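# Observations on the three-dimensional arrangement
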Amino acid sequence: MDLFYPVQVFADWFTYQLFGLDAVSRLGSSVNFFVYDTIKILVLLLLITHLMGAVNTLFPIEKVREYLAKNKLFGLEYVIASLLGTVTPFCSCSSVPLFIGFVKGGIPLGVTLAFLISSPLVDGVVIAMLLGLFGAKVTAVYVLTGIAISVIAGYILGKLNLERYLADWVTALEGDKLNLGTEHTENSSFIRSVSSEAFTIFKRVYLYVLVGVGLGAFIHGYVPTDFFETHVGADNVWSVPIAVLVGVPLYASAAGVIPIAQALVAKGISLGTILAFMMATVGLSVPEGLMLKKVMKWQLLVTFFGVVTFAIILSGYIFNSIL
């Protein structure tokens with residue numbers, strides 16, 4: 001059973017019964033999307049920031065840095081981060097709190113970004129739905145490509161030395177954990193410290209969550225599906241970049257995108273183009289960018305989106321050549 005099924009039930013009641021909106025209307029779909037995703041992401045934001053605060057307090061991050069330092073041969077630390085992302089069941093927006101926690105803990109930026117790319121791009125939901133709708137070969141190609149994109153893009157971004165473009169307040173968080181681990185030994189002090197830290201981050205980010213999900217809800221309800229069928233035909237050499245550039249602003253979960261992808265493939269759009277569209281939709285979004293803007297300066301944000309978007313476009317052409 002979906003962990004957030006009660007939230008969906010509430011969103012359905014709130015939208016369709018309390019306000020009486022039509023479930024098939026654009027407004028009803030947008031409002032339902034906004035209510036469900038806002039509650040889900042804000043709950044995850046609180047839980048994850050508390051969890052990361054507890055982890056940073058209980059377990060010295062120096063050991064993590066030491067472990068990553070010992071596994072830098074051929075960029076293995078990027079592979080570890082990408083694989084960790086695949087077992088973390090969060091969408092692109094709800095991965096942002098983990099990004100904050102990783103940077104705060106002193107994990108190298110490139111390694112952190114590899115996790116941030118991989119986490120929404122390849123997870124259990126994606127794998128299960130791809131297996132059911134497209135088969136083992138397509139699933140294997142997608143998963144391996146998603147991990148490769150995370151590793152390569154994270155490595156490139158790490159080598160660009162972009163740490164100076166983190167938001168000042170995020171940079172200032174680094175090292176705070178050391179005080180927590182040595183000064184707060186009693187349970188009450190530990191809990192107060194973790195909660196205070198978590199709510200501080202929550203208050204800095206929640207408005208971006210509301211704006212980002214609101215934009216995603218509008219696009220979700222008002223961008224017609226037949227737009228893609230009209231402009232991303234199988235014979236159009238520009239279909240891959242068009243699909244990716246259109247997919248980036250669309251904030252949606254894999255569970256919502258993959259069935260649409262199957263329908264679009266059935267209407268004649270090439271499979272590689274659709275897989276690239278899925279990657280862009282699941283892995284990147286304007287709402288995610290709005291939230292990341294709170295923790296990144298625009299130089300880092302533009303570089304991050306540019307590198308990942310280019311990698312997804314390239315993968316789309318590769319998909320089309322082998323599938």
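Residues numbered from 1 in each chain as written. Predicted model: local features only at pLDDT ≥ 70, side-chain atom pairs only at ≥ 80, totals over all residues. Heavy atoms only, no water.

### Observations regarding the confidence of the model for the chain
On average, the chain scores 76 in pLDDT, and the residues at 70 or more come to 71%. Note on residues 177–185: pLDDT under 50 across the span, and 16 contacts to partners over four residues away in sequence or across chains. (pLDDT = per-residue confidence, 0-100. Contact = heavy atoms within 4.5 Å.)

### A look at the packing of aromatic side chains
A full pass over the atoms with the stated rule returns five aromatic pairs. Their ring planes at 50° and their centres at 4.9 Å tell us that F14 and F19 sit as a pair that is tilted. Residue F19 is classed as exposed on the basis of its relative accessible area, which comes to 52%. Seen from their ring centres, F304 and F305 are 5.7 Å apart, and the 75° between their planes marks the pair as edge-to-face. Residue class for F304 comes out buried when judged on its relative accessible area of 1%. Pairwise contacts between aromatic rings join F10, W13, F14 and F19 into one cluster. (Phe/Tyr/Trp six-rings, centres within 6.5 Å; stacked < 30°, edge-to-face > 60°. Buried < 20%, exposed > 50% of the residue type's maximum accessible area, 1.4 Å probe, protein only.)

### Topic: the side chain of S270
Secondary-structure assignment places S270 in the loop between α14 (254–266) and α15 (271–283). By relative accessible area, which is 18% here, S270 ends up buried. In this structure the side chain of S270 is engaged in a polar contact, spanning 2.6 Å, whose partner is the side chain of T273. (Helix = DSSP H or I, 4+ residues; strand = E, 2+ residues; numbered from the N terminus. Polar contact = N/O pair within 3.5 Å; in protein donor to acceptor, adjacent residues only side chain to side chain.)

### Some details on the packing of helix α13 (residues 239–247) against helix α17 (residues 298–322)
One can describe the packing of α13 onto α17 by two numbers: an axis separation of 9 Å at closest approach and a directional angle of 135°. Classed by the angle they form, the pair α13 and α17 counts as oblique. Of the two possible hands of crossing, α13 and α17 adopt the one that is right-handed. Taking contact as the criterion, the partners of V240, P241, V244 and L245 in α13 are, on α17, T309, I312, I313, G316, Y317 and N320. Each residue belonging to the contact of α13 with α17 can be placed in one class, and the counts come to seven nonpolar, three polar and no charged. (Axes fitted to C-alpha atoms, helices over the stretch in contact; angles between N-to-C directions. Parallel < 35°, antiparallel > 145°, perpendicular 65-115°, else oblique. Left-handed = near helix turned anticlockwise from the far one by under 90°. Nonpolar A, V, L, I, M, F, W, Y, C, P; charged D, E, K, R; others polar.)

### Remarks on the packing of helix α8 (residues 136–159) against α15
At their nearest, the axes of α8 and α15 sit 12 Å apart, and the two run at 45° to each other. As the angle between them shows, α8 and α15 are arranged oblique. Read as a crossing pair, α8 and α15 show a hand that is right-handed. Counted together, V138, Y142, T145, G146 and I149 of α8 and L271, L275, M278 and M279 of α15 form the full contact between these two elements.

### Quick word on the nonpolar core
Formed by 65 residues in total, the largest nonpolar core has its most connected members in F99, Y142, M278, L292 and F304. By residue number, the principal contributor to this core is α17, which donates ten residues. Ignoring anything within four residues of it in the chain, the contact list for Y142 reads L121, V122, V126, L130, L275, M278, M279 and F319. With six residues, the next largest nonpolar core counts F4, V7, A11 and Y36 among its residues. (Core = buried A, V, L, I, M, F, W, Y, C linked by side-chain atoms within 4.5 Å.)

### Remarks on the environment of R26
Checked against the element boundaries, R26 lands in helix α2 (residues 26–58). For R26, a relative accessible area of 49% puts it in the partly exposed group. Separated by 195 residues in the primary sequence, R26 and G221 place their C-alpha atoms 4.7 Å from one another. Excluding anything up to four places from it in sequence, R26 contacts G221 and Y222.

### Looking at unusual backbone geometry
Unusually for a residue other than glycine, N161 sits at a positive phi of about 55°. Tracing the chain through its elements places N161 in the loop between α8 and α9 (168–173). With relative accessibility at 49%, the residue N161 sits in the partly exposed group.

### Points about the pattern of salt bridges
Per the counting criterion, the structure on display carries one salt bridge. Here D168 and K297 are joined by a salt bridge, their closest N and O atoms 3.4 Å apart. Of the two residues, D168 sits in helix α9 while K297 sits in the loop between α16 (286–292) and α17, which places them 129 residues apart along the sequence. (Salt bridge = Lys/Arg side-chain N within 4 Å of Asp/Glu carboxyl O.)

### Things to note about the side chain of N32
With respect to the helices, strands and loops of the structure, N32 is situated in helix α2. Within the structure, the side chain of N32 is placed 2.8 Å from the side chain of D12, a separation counted as a polar contact. Leave out the neighbours within four places in its chain, and N32 touches Q8, A11, D12, T15 and Y16.

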